[in-house]
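Structural characterization, general
Single-letter residue listing:
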Amino acid sequence: MIASRRSFLAAAALAPLALAGKASAEPAVCYDPNALPLSQRSRRRALGYVDASPDPAKQCGRCSFFTAAAPGCGTCTMLSGGAVNGGSVCNSFARKSAT
Ligand code: SF4
């Protein structure tokens, strides 16, 4: 009985850490996909935009068309200044030159 109470208390103490870890793995929320105008949806579809890039080396945050805004968020010239997540990517990715 005491062991199970201790286990419960230990699990309860670690739960916020588990939730915090999960939250940090989620991509930044930079825009509401359901509120995007039709033109933005069409453009994103045409460019093959995905919210989470499968390649850490190819992300909007590393693209020459990206302009940083809020942490983890920015805008994209190819999307007419539309908001993008820093960890997203599309088929027009162009690596920023090292300056
Ligand atoms: S061109 Fe594509 S990869 Fe580059 S910032 Fe825009 S959406 Fe992201």
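Here is a short report on the structure shown in this document.

What counts and how
- Residues numbered from 1 in each chain as written.
- Predicted model: local features only at pLDDT ≥ 70, side-chain atom pairs only at ≥ 80, totals over all residues.
- Heavy atoms only, no water.
- Core = buried A, V, L, I, M, F, W, Y, C linked by side-chain atoms within 4.5 Å.
- Buried < 20%, exposed > 50% of the residue type's maximum accessible area, 1.4 Å probe, protein only.
- Contact = heavy atoms within 4.5 Å.
- Near = heavy atom within 4 Å.
- 1 Å grid on protein atoms, 1.4 Å probe; cavity = no way out; pocket = protein on both sides within 12 Å on 5 of 7 lines; lining within 4 Å.
- Sits in = over half its atoms within 2 Å of the grid points.
- Nonpolar A, V, L, I, M, F, W, Y, C, P; charged D, E, K, R; others polar.
- Pairing = 2+ DSSP bridges.
- Helix = DSSP H or I, 4+ residues; strand = E, 2+ residues; numbered from the N terminus.
- Axes fitted to C-alpha atoms, helices over the stretch in contact; angles between N-to-C directions.

All right, on to the nonpolar core then. The tendency in soluble globular proteins is for nonpolar side chains to be buried as a group. Core analysis: the largest hydrophobic core is formed by 15 residues, its most contacted members being Tyr31, Tyr49, Cys60, Phe66, Leu79 and Val84. Not counting residues within four places of it along the chain, the set of residues in contact with tyrosine 31 comprises Leu36, Arg44, Tyr49, Asp51, Ala83, Val84 and Asn85.

Taken together, Tyr49, Cys60, Cys63, Phe65, Phe66, Cys76, Met78, Val89, Cys90, Ser92 and Phe93 make up the full set of residues near the ligand. More than half of the atoms belonging to the ligand lie within 2 Å of the grid points that define the largest cavity. Looking at the shell around the ligand residue by residue, the class counts come to 10 nonpolar, 1 polar and no charged.

This part takes up the sheet that holds strand E3 (residues 82-85). Read across the sheet, 3 strands follow the order E1-E2-E3 without closing on themselves; strand pairing throughout is antiparallel. Looking at the sheet topology across the chains shown, the edges are occupied by strand E1 (66-68) and E3. Put simply, the sheet's adjacent strands are angled 40° from each other on average, direction ignored.

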